Amino acid sequence: TLYRSPDTVGFKLMYAQLVLYPEILIYLLRHRIRVVHLVRRNHLDVVLSYAVKAKIGRAHLLIGQAAPDDIRIELDTQNLIRQLERLQKKQNIARKLLNWCRLPHLEVAYEDLLRDQAHFCLIWDFLSIKPQEHLPRSNIAKIRRGGQRDVIRNYDEVKNVLAHSKFAGLIE
């Protein structure tokens, strides 16, 4: 029913959902579904998002909803490198799967979309969507407003742990 619509239809599919429901991959392959692989380059920000979500019990706010005043969290530095490696590995597996399956796909970095919204034009071209006058809008607001230093209670410890690792460039 989803793909019988005359318009382009999209949905968010998380890596874990594909693992839980592998039949989705069969559907994607059978119908040669175009995939926009949205990635985060900064895996530390992903870990931080998970920690904020765990602390306040939600991943997003709707525009107009107030964010908690003091969102400061402490990251587990004992497992931080392992967490970052796991996120990087998941992303790499997804890339390999898309290439192996030869599904038409476009990888777009979240950070690029935030920095320069002209990247949406690449997505529209890839999906054969007529360019829009206005960029897409969301009714979802970011919870975390400050930088890493503002949110990570043990920032200096995190910075020291990452300083001599392959993830040193992730710290602001």
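In the block above lies the structure referred to throughout.
Cut-offs applied
Residues numbered from 1 in each chain as written. Predicted model: local features only at pLDDT ≥ 70, side-chain atom pairs only at ≥ 80, totals over all residues. Heavy atoms only, no water. Salt bridge = Lys/Arg side-chain N within 4 Å of Asp/Glu carboxyl O. Helix = DSSP H or I, 4+ residues; strand = E, 2+ residues; numbered from the N terminus. Buried < 20%, exposed > 50% of the residue type's maximum accessible area, 1.4 Å probe, protein only. Arc of directions from axis to C-beta. Contact = heavy atoms within 4.5 Å.

### A closer look at the pattern of salt bridges
If charged atoms from side chains of opposite charge come close, those side chains can pair. The final tally for this structure, using the stated rule, is 6 salt bridges. The residue Arg 40 makes a salt bridge to Glu 111 at a minimum N-O spacing of 3.8 Å. Note that Arg 40 is positioned in the loop between strand E1 (35–39) and helix H3 (43–56) and Glu 111 in helix H5 (residues 110–115), a separation of 71 residues in sequence. Its relative accessible area of 23% is what places Arg 40 among the partly exposed residues. Its salt-bridge partner being Arg 95, residue Glu 107 comes within 2.8 Å of it at the nearest N-O pair.

### What to know about helix H6 (residues 119–126)
Among all positions in H6, only His 119, Phe 120, Ile 123, Trp 124 and Phe 126 are buried. Each buried residue of H6 lies within a common arc of 165° when the element is viewed along its axis, so the set occupies one face. Buried residues along H6 sit in contact with E1, strand E3 (105–109) and H5. Positive backbone phi, approximately 55°, marks Ser 128, located one or two places after H6.

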